[in-house]
Amino acid sequence: MQTAPQRRDAALGPDTITRRVLDNGLTVVVYPNPTIPAVVARMSIKGGAMYDPPDKAGLASFVTRAMRRGTERYTFEQLNEETEGRGVSAGLDAGQALMEVGGRALKEDTRFLLDTIAELLLHPSFPEGEIEKLRTQLRTGLAEMEMDTGSVAERAFRETLYPEGHPYHYRTVGFLETLDNITRDDMVAFYRRHFRPDRTILVVVGDVEPGNVVAAA
């Protein structure tokens, strides 16, 4: 555990960052910056496309996008109304080795932002109707990629450079031929396997008190 002295006018550096590892394994990093009345929070989770089964390439990307489509407390529409009404952004995404959830808000909405991130991260409902809407959107995007010379060249490059079975052989967003292999059960199982506090780092930067952020986390 490392706790930095809180100097409100200090520049970014080891002495101005608070770092705590909570009992559940979650690492919290806070840098107070009072120069703007806003806060940015981002959680990075060890996971991503490199953990997708080859026949279900695109699973991590599908899972993270679906997590934004509804939770135990809010529908997709309600989430949008709650965040847009406050001017808060909150979303999820997956890369090759990391998945991320985070957003941005004004200082006075710091707790709302952290609560929203927690709701998305801890209580996704994976509603069937939204999953199928999202699948349709993804199918359209993947079909467009297959018609784009740059995307086709990038796929050929990956498949030539990395052998089949290597994580980098496959696109992060998957392929038309693997999209329909992904079921809701696959998504729930992937979520339960990889979204854990001991695989996660929370970073918060902005006009905040580190002690308050750690307590909220």
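Predicted model, so just to flag it, every value in this text is computed and none were measured. (Residues numbered from 1 in each chain as written. Predicted model: local features only at pLDDT ≥ 70, side-chain atom pairs only at ≥ 80, totals over all residues. Heavy atoms only, no water.)

Draft legend 1. Representation of the environment of G70 within the structure. Among the structural elements, G70 can be located in the loop between helix 1 (59-67) and helix 2 (76-86). Taking the C-alpha atoms as reference, G70 lies 30 Å from E209; in sequence the two are 139 residues apart. Apart from the residues within four sequence positions on either side, G70 is in contact with T75, F76, L79, P124, S125, F126 and P127. (Helix = DSSP H or I, 4+ residues; strand = E, 2+ residues; numbered from the N terminus. Contact = heavy atoms within 4.5 Å.)

Draft legend 2. The arrangement of the nonpolar core in detail. Grouped together as the largest cluster of nonpolar side chains are 44 residues, with contacts concentrated most on V63, F126 and M187. In contact with M187, other than residues within four places in its own chain, are L59, F62, V63, A66, F126, I131 and I182. (Core = buried A, V, L, I, M, F, W, Y, C linked by side-chain atoms within 4.5 Å. Buried < 20%, exposed > 50% of the residue type's maximum accessible area, 1.4 Å probe, protein only.)

Draft legend 3. Representation of the sheet that holds strand 4 (residues 89-94) in the model. In spatial order, the strands read 1-2-6-3-5-4; together these 6 strands make up an open sheet with mixed pairing. Strands at the two margins of the open sheet, each flanked by one partner only, are strand 1 (18-21) and strand 4. Averaged over all neighbouring strand pairs, the angle between strand axes comes to 10 degrees, with direction disregarded. As defined by bridge partners, strand 3 (residues 38-46) adjoins strand 5 (residues 98-106) across 9 bridges and the pair is classed as antiparallel. Looking across to strand 5, one finds that A38 is bridged to L106. (Pairing = 2+ DSSP bridges. Axes fitted to C-alpha atoms, helices over the stretch in contact; angles between N-to-C directions.)

Draft legend 4. How the structure looks around helix 4 (residues 128-147). The end-to-end C-alpha distance of helix 4, which contains 20 residues, comes to 29 Å, matching closely the 28 Å that a straight helix rising 1.5 Å per residue would cover. Within helix 4, burial applies to E130, I131, L134, R135, L138 and L142. For helix 4, the angular spread of buried residues about the axis comes to 135 degrees, placing them on one side. In helix 4, the exposed residues that point more than 90 degrees away from the buried face are E144 and M147. If you follow the buried residues of helix 4, they end up packed against helix 1, helix 2, helix 6 (176-179) and helix 7 (184-194). (Expected span 1.5 Å × (residues − 1). Arc of directions from axis to C-beta.)

Draft legend 5. Helix 5 (residues 149-161), seen in detail. Under the 1.5 Å per step criterion, the end-to-end length of helix 5 is 18 Å for 13 residues, consistent within 8% with the ideal 18 Å. Of the residues making up helix 5, those classed as buried are S151, R155 and R158. Summarising the axial view, the buried residues of helix 5 lie within an arc of 65 degrees, below the 170-degree limit, and thus occupy one face. More than 90 degrees from the buried face of helix 5, the exposed residues found are T149, F157 and T160. Where the residues of helix 5 are buried, they touch helix 4 and helix 6. One side-chain oxygen of the residue at the start of helix 5 lies 3.2 Å from the amide nitrogen of G150, identifying that residue as D148. (Polar contact = N/O pair within 3.5 Å; in protein donor to acceptor, adjacent residues only side chain to side chain.)

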